[in-house]
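Residues per chain are reported as follows:
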Amino acid sequence: MCKYQNITLSLPKELIQKVKHIAVERNTSISALLTSLLEELVDREESYQKVYLQHLKLLEEGFDLGTGGTITWRREDLYERK
């Protein structure tokens, strides 16, 4: 069971009127509309943070390039000089 807490927002009147129209068109309330949008925001941020930490871990571990840690080429072999 989810507990709810009321908050007070101060928004421009024009914005409130537009949001009311959107809520009516979607057959919902402003509160439900804001809850949905805020949940999406939190989900995106949490997903981003998870992927960010996964990528940091990959960078710390490094990548296996199949060389066994030995460089088998010379710079000159990789870049043609003219």
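Definitions and cut-offs
- Residues numbered from 1 in each chain as written.
- Predicted model: local features only at pLDDT ≥ 70, side-chain atom pairs only at ≥ 80, totals over all residues.
- Heavy atoms only, no water.
- Helix = DSSP H or I, 4+ residues; strand = E, 2+ residues; numbered from the N terminus.
- Rg over C-alpha atoms; globule rule 2.2 N^0.38 Å.
- Buried < 20%, exposed > 50% of the residue type's maximum accessible area, 1.4 Å probe, protein only.
- Areas by Shrake-Rupley, 256 points an atom, 1.4 Å probe, with all protein chains shown as cover.
- Lys, Arg positive; Asp, Glu negative; His and termini not counted.
- Charge placed at Lys NZ, Arg CZ, Asp CG, Glu CD.
- 1 Å grid on protein atoms, 1.4 Å probe; cavity = no way out; pocket = protein on both sides within 12 Å on 5 of 7 lines; lining within 4 Å.
- Points joined across faces, edges and corners; volume = space filled by probe spheres on them.
- Nonpolar A, V, L, I, M, F, W, Y, C, P; charged D, E, K, R; others polar.
- pLDDT = per-residue confidence, 0-100.
- Phe/Tyr/Trp six-rings, centres within 6.5 Å; stacked < 30°, edge-to-face > 60°.
- Patch = residues over 30% accessible without salt bridge, like charges linked within 9 Å, V, L, I, M, F, W, Y side chains within 5 Å.
- Salt bridge = Lys/Arg side-chain N within 4 Å of Asp/Glu carboxyl O.
- Expected span 1.5 Å × (residues − 1).

A. Layout of the overall build of the protein. When you go through the protein residue by residue, the secondary structure sums to three helices and zero strands. Starting at the N terminus, the α and β elements of the protein follow one another as α-α-α. Taking 12 Å as the expected radius of gyration for a compact globule of 82 residues, we find that the protein reaches 26 Å, considerably beyond that expectation. The burial tally for the protein puts 4% of its 82 residues in the buried class. Surface exposure of the protein reaches about 8,700 Å², of which carbon and sulfur atoms provide 55%. Once the 12 positive and 13 negative side-chain charges of the protein are each reduced to a mean point, those two points are 6 Å apart.

B. Molecular detail of the layout of surface pockets. Put simply, the largest pocket is a space of about 540 Å³. Split by residue class, the lining of the largest pocket holds seven nonpolar, four polar and two charged.

C. Spatial organisation of the confidence of the model for the protein. Chain-level pLDDT for the protein is 91 on average; 98% of the residues reach the 70-or-more range. Within the protein, helix α3 (residues 75-78) has the poorest average pLDDT of any element, 83, and helix α1 (residues 13-25) the best, 97.

D. Just the packing of aromatic side chains, in detail. This model, assessed by the stated rule, comprises one aromatic pair. Ring geometry for Y48 against Y52: centres 6.1 Å apart, planes inclined by 20°, an arrangement best described as stacked. With Y48 and Y52 both in helix α2 (residues 30-61) and four residues apart, the pair spans about one turn of that helix. On the basis of relative accessibility, which here comes to 39%, the residue Y52 falls in the partly exposed class.

E. Main features of a nonpolar patch on the surface. Where nonpolar side chains cluster on the molecular surface, the patch consists of I7, L9, L11, L15, L34, L37, L38 and L41 and spans about 710 Å² of accessible area. Tallying contributions element by element places α2 first for the nonpolar patch, with four residues. Tracing the backbone shows L11 in the segment before α1. We classify L11 as partly exposed; its relative accessible area is 39%.

F. Summary view of α1. Here α1 contains 13 residues, and its C-alpha end-to-end distance of 19 Å stays within 8% of the 18 Å for a straight helix at 1.5 Å per residue. The positive-phi residue at the C-terminal boundary of α1 is N27, with phi of around 55°.

G. Geometry of the pattern of salt bridges. Under the definition given, this model contains one salt bridge. For R74, the salt bridge is made with D77, and the minimal N-O distance between the two is 3.2 Å. Accessibility assignment for this pair places R74 and D77 in one class, exposed.

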